[in-house]
Amino acid sequence: MKLATLDNGTKDGRLVVVTRDLSRYADAGETAPTLQWALDHWTRCSGALETLAAEAERNRELPEFRQRDARSPLPRAYQWADGSAYLNHVELVRKARGATVPRSFHSDPLMYQGGSDTFYDPQGPIVIADEAWGIDLEAEVSVIVDEVDMGADSAEAARCIRLIMLVNDVSLRNLVPAELGKGFGFFHSKPSTAFSPVAVTPDELGAAWRDARIHLPLCVDVNRQPFGRANAGIDMTFGFGDLVAHAAKTRRLAAGTIIGSGTVSNKLEGGPGKPISEGGAGYSCIAEIRMIETIDSGRPTTPFLRFGDRVRIWMEDSEGRTIFGAIDQTVKKHEG
């Protein structure tokens, strides 16, 4: 089942069921007015939504689904927490500044709590006030969970996963050092986040969803040029069961909580990875290629995003069909 949220003039939009090929949609209002409502009543309404999805596949008279009209599936959420499950990414960040990865990072996930009161639309602009802040994309996978009991283990947490989305976790890299230097974590350096036009149930992924991981490449283009094709199932130290359990260690998670994977990152033959043009899987953020440039030559040469730059993030199944639709954003200067 594939679900999306369309604008209806309210903060939370209206829930629709989208056909598997993303061509048409059926209004879900009689079953669940919003995605958050559906998650709050999942046991009661998921069966009806599945029935509606099956009917939509057969109904050729339904209205066209246009990805540009979609909001993030949850336009706002009770909680958005992002992990860092790909240790290749963490190793590169630390190596670039001469630090090593503590042993604990291999058993205890990193995670920060992001802002969830506003999310970017999947195909709306990335609005930032200053290019000097170091505008970066971060292509990731995320899950939306049902209620999770405090102290749930990884297996219990994995069973609470209801939906999966793609993410562009926008980062302002040049604001990070000063914030981390205060010892209190990210705030200004993590503006609004965008999620894919469509959220899907795990069964939509078939055999690609196993061990609470998606075993498919995450595609990233920057200014229409291939930038990343890292496989989300490779080099993922912690699966989503582990990440959700980590988030629930000291608190119960509400239905609708979003948990992110962190930047998808692959090694290449034991090394840090290479650009697509050199036979590698590329990168899921600009900071990673800048780190490799710093390690190799002492300084980065790839610039961060500038106003007018375009970022596209999507994922295809084994037949080359898009699964979640595309996050397709252009960086725009804030004029407020």
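Use the structure listed above.
Visitor: Teacher, can you tell me more about the environment of Phe 324 here?
Guide: As for its placement among the helices and strands, Phe 324 is situated in the loop between β20 (310-315) and β21 (327-333). Under the relative-accessibility criterion, Phe 324 is labelled buried at 0%. As a C-alpha pair, Phe 324 and Asp 21 span 303 residues in sequence and 9.7 Å in three-dimensional space. Setting aside residues up to four positions removed in sequence, Phe 324 forms contacts with Leu 22, Ile 164, Met 165, Leu 166, Ser 196, Pro 197, Val 198, Val 200, Leu 205, Ile 214 and Met 315.

Visitor: I tried to follow the environment of Met 315 on my own but got confused; where do I start?
Guide: Checked against the element boundaries, Met 315 lands in strand β20. What makes Met 315 buried here is its relative accessible area of 0%. Distance in space between the C-alpha atoms of Met 315 and Pro 197 is 12 Å, their sequence separation being 118 residues.

Visitor: Before we go on, may I ask you to explain the pairing of β21 in this structure?
Guide: Consecutive side chains of a regular strand alternate in pointing toward one face of the sheet and then the other. Where strand β8 (residues 126-128) lies against β21, 3 bridges are found, and the strand directions are parallel. Following the sheet pairing, Ile 126 is matched in β21 by Val 331. Pairing of β20 with β21 involves 4 bridges; the strand directions are antiparallel. Across the sheet, residue Ile 313 finds its bridge partner in β21, namely Ile 327.

Visitor: Can you walk me through the pattern of salt bridges in this structure?
Guide: Note that side chains of opposite charge can pair when their charged atoms are close. For the structure shown, the criterion picks out 16 salt bridges. Residue Asp 7 pairs with Arg 71 through a salt bridge whose shortest N-O separation is 4.0 Å. Taken together, the residues span a long stretch of sequence, with Asp 7 in the loop between β1 (2-6) and β2 (14-18) and Arg 71 in strand β4 (residues 70-71) at a distance of 64 residues. Between Arg 173 and Glu 138 there is a salt bridge, with the nearest N and O atoms lying 3.4 Å from each other. Here the residue Arg 173 occupies a position in the loop between β12 (171-172) and α5 (176-181), and Glu 138 occupies one in the loop between β9 (135-136) and β10 (139-145), the gap between them amounting to 35 residues. Arg 173 gets classed as buried once you look at its relative accessible area, which sits at 18%.

Visitor: What's the story with the environment of Gly 280 in this structure? I'm lost.
Guide: Residue placement: Gly 280 occurs in the loop between β19 (258-260) and α7 (286-297). C-alpha separation for the pair Gly 280 and Arg 229, spaced 51 residues apart in sequence, amounts to 8.5 Å. Aside from chain neighbours lying at most four places away, what touches Gly 280 is Leu 268, Lys 274 and Pro 275.

About the cut-offs
- Residues numbered from 1 in each chain as written.
- Predicted model: local features only at pLDDT ≥ 70, side-chain atom pairs only at ≥ 80, totals over all residues.
- Heavy atoms only, no water.
- Helix = DSSP H or I, 4+ residues; strand = E, 2+ residues; numbered from the N terminus.
- Buried < 20%, exposed > 50% of the residue type's maximum accessible area, 1.4 Å probe, protein only.
- Contact = heavy atoms within 4.5 Å.
- Pairing = 2+ DSSP bridges.
- Salt bridge = Lys/Arg side-chain N within 4 Å of Asp/Glu carboxyl O.

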